[in-house]
Amino acid sequence: MLASTAGKTHMLTKLISLNIGKKQLPALVRFNSTLQLPDLTQEQAGRHASSDSVRPIKFYHTKLAKNMLLFTKQNIPSGLNTMSNVFKEMEAKGVSYNLDTWVYKLQFYALRKDNRRMLKTFDTILERYTPSVDVFNIVTKALSNQGNVLEQSTIMEIMKAKGIQPNAFTYYNVIKTLHESRNIEQALDLHDQALQEGIRPNALSYDHLVRLCGEFNELELGWKMLQDADKANLPLRLAPGIALPLLRSAAKNENLEVVNGILEIIQRRNLSLPDDGTALAVLNFAGNIGNTELASSMIDSLGQQGYQYHEQHFAPLIQAFVKQGDIQKAFSVLEIMRSFSIPATKHTAHPILESLDGNVEQIDQAYYILEQMKKEGKEVDTIAFNTVLGACVKARDLHRSISTYQEAAKLGVKPNIDTYNYALDACLLARNRQMGDLILNHMKEANVSPNIATYTKCIMLSCTQSNYEDAFLYLEEMKQYNIIPPRMCYEHLVRKLVRESDPRLKVALEEMETFGLEVTPFLRSYITNKGRPQQQSSNKPSTKS
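Treat the numbers as computed from the prediction; the structure is a model and nothing was measured. (Residues numbered from 1 in each chain as written. Predicted model: local features only at pLDDT ≥ 70, side-chain atom pairs only at ≥ 80, totals over all residues. Heavy atoms only, no water.)

A. Looking closely at the overall build of the chain. Broken down by element type, the chain carries 30 helices and 0 strands. In the chain, the share of contacts with a sequence separation of at least 24, taken over all contacts with a separation of at least 6, comes to 64%. Element-wise, carbon and sulfur atoms account for 48% of the exposed surface of the chain, whose accessible area totals about 28,100 Å². (Helix = DSSP H or I, 4+ residues; strand = E, 2+ residues; numbered from the N terminus. Contact = heavy atoms within 4.5 Å. Areas by Shrake-Rupley, 256 points an atom, 1.4 Å probe, with all protein chains shown as cover.)

Spelled out as structure tokens, the structure:
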């Protein structure tokens, strides 16, 4: 610390007695608790201000400290302007600077972010005095705010040459800059250097180090550092978000032990709860490993923070229940989503569909779950119903598919576009045009508009029949809605036209070209061979001599 005179009053005590401010002094003022203030009351200080005599240097120091507080604590720009005027007045009246004055000037330029003048003032201090580590920290902090790690390294070299030991705050300033420049290797080296010198980095240093490890996916190292900071009982409340990047990394690496460990520290140390992005990473991890407890805790955490729930928050929970083989609870999640007015899609329930995997026994069991829900007075979710219907189609079981489709009314399910499309898939597999027409009539009666998938299935179904004129009608209807028919529609139609030697083949190919749809080599070969399988060339060696 700077040299002080025995018996003088502590700077902070004097500032409070002068009512300059009762809050804790900012770091730039607090750097030297031995700076002395004049033994004056506020009234006496006012009389001094009105005097034409040369004022004591401590009067100027008091004024500088007061205005520094105005700027750093109350963000009043005039504080810096007044400090500038104080320095001008001191120079005009020939008041000689001492070390404290120069340090105030150093702080002044640091606050103004005037790097050139700050370093010039620092050079002056080095020429005339042996400053304390706190003075060096003023410079390393200012350089950190400017992201100037090269100058910081130079300052630390000067400290070493002068035999001045850096402290935790010095290391924090440089580690912060290295984090912002994403230089993880130097940051870790500096951390090791501090430990070797017997200096325990502060909570804010650990904040940057642990975050860096999380961002660079250095999970093992970051987890050890977080544990070290926790065991050292550092005030992690100063760095509430310290664990979140590391938690994302742990989820990405599917390390359940570390995920649970981080969440335990977050809860016990009252740190920031996972934000939406971090929670989603943990949720997806929980879904992949079938951990419903972890997934539920993340959903609860988001609710506690006031986040609005969306489909992506519940889809991993459905996946987790499916992984556990609990289809009933997976269906219950869809029910919960509906209660929160969160729209689900067939993609939300896709894990359930995949788990049924065309297994008739499992499909029937899933259907019985829906029946039981209906008996218990619960509303059967349309997405859940569609999932069972889709599983029937995947099993290529037309009878079971159509029977399930026809049970919608009995279960109180209002079919949507996916319901009808699944039913059309079943008709397409069975080439049952009559049932397809019936389903289309149901759609019209329910006032459900077809989508691109519906038109595609209708065209494909038409092309399985001897009378395929409706395929052209569906194409025209799509174009009337300014919908470009998918390539699949044209490919099925073109193959049908080739097989039937229909002269409209040329028109269909021209339309494909107009819409920018590729005619694949396979389709060209199909046209060239007029629908006949391409003959394989013989690889047998010639017998001719």
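B. Geometry of the nonpolar core. In this structure, Leu 226, Ile 242, Ile 262, Phe 331 and Leu 370 are the most contacted members of the largest nonpolar core, which totals 127 residues. Ile 242 has contacts with Tyr 206, Asp 207, Val 210, Arg 211, Leu 226, Leu 236 and Leu 271, leaving out every residue within four places of it along the chain. If you look at the next biggest cluster of nonpolar residues, it comprises 38 residues, including Met 83, Tyr 104, Phe 108 and Leu 143. (Core = buried A, V, L, I, M, F, W, Y, C linked by side-chain atoms within 4.5 Å. Buried < 20%, exposed > 50% of the residue type's maximum accessible area, 1.4 Å probe, protein only.)

C. Just the UniProt feature "repeat: PPR" (unreviewed entry) in the chain, in detail. In the UniProt entry, the feature "repeat: PPR" (unreviewed entry) is given for residues 132-166, 167-201 and 381-415. Taken as a whole, residues 132-166 contains 74% helix and 0% strand, while its terminal C-alpha atoms sit 10 Å from one another. Taken end to end, residues 167-201 has its terminal C-alpha atoms 8 Å apart, with 74% of it in helix and 0% in strand. (UniProt positions renumbered as here; feature names shortened; annotations may be inferred.)

D. Here's a closer look at the environment of Asn 386. Along the polypeptide, Asn 386 turns up in helix H22 (residues 382-394). By relative accessible area, which is 2% here, Asn 386 ends up buried. Linking Asn 386 and Tyr 422, residues 36 residues apart in sequence, is a C-alpha distance of 7.6 Å. Apart from the residues within four sequence positions on either side, Asn 386 is in contact with Asn 416, Asp 418, Thr 419 and Tyr 422. A polar contact is formed between the side chain of Asn 386 and the side chain of Thr 419, at a distance of 2.5 Å. (Polar contact = N/O pair within 3.5 Å; in protein donor to acceptor, adjacent residues only side chain to side chain.)

E. Main features of the pattern of salt bridges. Scanning all chains against the criterion turns up 30 salt bridges. Note that Lys 176 and Glu 180 form a salt bridge whose closest N and O atoms lie 3.1 Å from each other. One end of the pair, Lys 176, and the other, Glu 180, are both in helix H10 (residues 168-180), 4 residues apart, so they sit about a helical turn from each other. Residue classification places Lys 176 among the buried positions, given a relative accessible area of 14%. (Salt bridge = Lys/Arg side-chain N within 4 Å of Asp/Glu carboxyl O.)

F. Main features of unusual backbone geometry. A positive phi angle, near 55°, is found at Asn 270, a position not held by glycine. Looking at the element boundaries, Asn 270 is found in the loop between helix H15 (256-268) and helix H16 (276-289). Note on Asn 270: relative accessible area 66%, which makes it exposed.

G. Here's a closer look at empty space enclosed by the protein. Under the definition given, this model contains 1 cavity of 30 Å³ or more. Contributing to the lining of the largest cavity are Leu 424, Arg 433, Gly 436, Asp 437, Leu 440, Cys 458, Leu 461, Ser 462 and Tyr 474. When contributions to the lining of the largest cavity are tallied by element, the ones reaching two or more residues are helix H25 (433-445) and helix H26 (452-462). Tallied by class, residues from the lining of the largest cavity come to 5 nonpolar, 2 polar and 2 charged. (1 Å grid on protein atoms, 1.4 Å probe; cavity = no way out; pocket = protein on both sides within 12 Å on 5 of 7 lines; lining within 4 Å. Points joined across faces, edges and corners; volume = space filled by probe spheres on them. Nonpolar A, V, L, I, M, F, W, Y, C, P; charged D, E, K, R; others polar.)

H. Spotlight on the packing of aromatic side chains. Under the defined criterion, the tally for this structure stands at 14 aromatic pairs. Residues Phe 87 and Tyr 97 carry aromatic rings whose centres are separated by 6.3 Å and whose planes lie at 45° to one another, so their mutual orientation is tilted. A residue pair is termed long-range when its members are at least 10 positions apart, and Phe 87 in helix H5 (residues 78-92) and Tyr 97 in the loop between H5 and helix H6 (99-111) qualify at 10 residues. Of the two residues, Phe 87 and Tyr 97, both sit in the buried class. Between Tyr 309 and Phe 314 the ring centres are 5.4 Å apart and the planes differ by 70°, which places this aromatic pair in the edge-to-face class. The same class applies to Tyr 309 as to Phe 314, namely buried. Its end group placed over the ring of Phe 87, Lys 105 keeps NZ or CZ at 5.3 Å from the ring centre. Geometry around Tyr 422 places Lys 346 over its ring, the cationic atom sitting 6.0 Å from the centre. (Phe/Tyr/Trp six-rings, centres within 6.5 Å; stacked < 30°, edge-to-face > 60°. Lys NZ or Arg CZ within 6 Å of the ring centre and 35° of its normal.)

I. Just the state of the cysteines, in detail. By the definition in use, this model includes 0 disulfides. Of all cysteine sulfurs, the one in Cys 458 lies closest to Cys 427, which takes part in no disulfide; the gap is 9.5 Å. (Disulfide = S-S within 2.5 Å.)

J. Spatial organisation of H10. In a regular helix each residue adds 1.5 Å, so 13 residues correspond to 18 Å; H10 covers 18 Å between its end C-alpha atoms and thus fits that length. Buried residues dominate H10, accounting for 11 of its 13 residues. Buried residues belonging to H10 abut helix H8 (133-145), helix H9 (149-161), helix H11 (184-196) and helix H12 (203-215). Its side-chain oxygen placed 3.1 Å from the backbone nitrogen of Phe 169, Asn 167 serves as the N-cap of H10. Arg 182 occupies a position one or two residues after H10 and carries a positive phi of about 60°. (Expected span 1.5 Å × (residues − 1).)

K. Molecular detail of the environment of Trp 223. Tracing the chain through its elements places Trp 223 in helix H13 (residues 219-231). Classification of Trp 223 by relative accessible area gives buried; the value is 15%.

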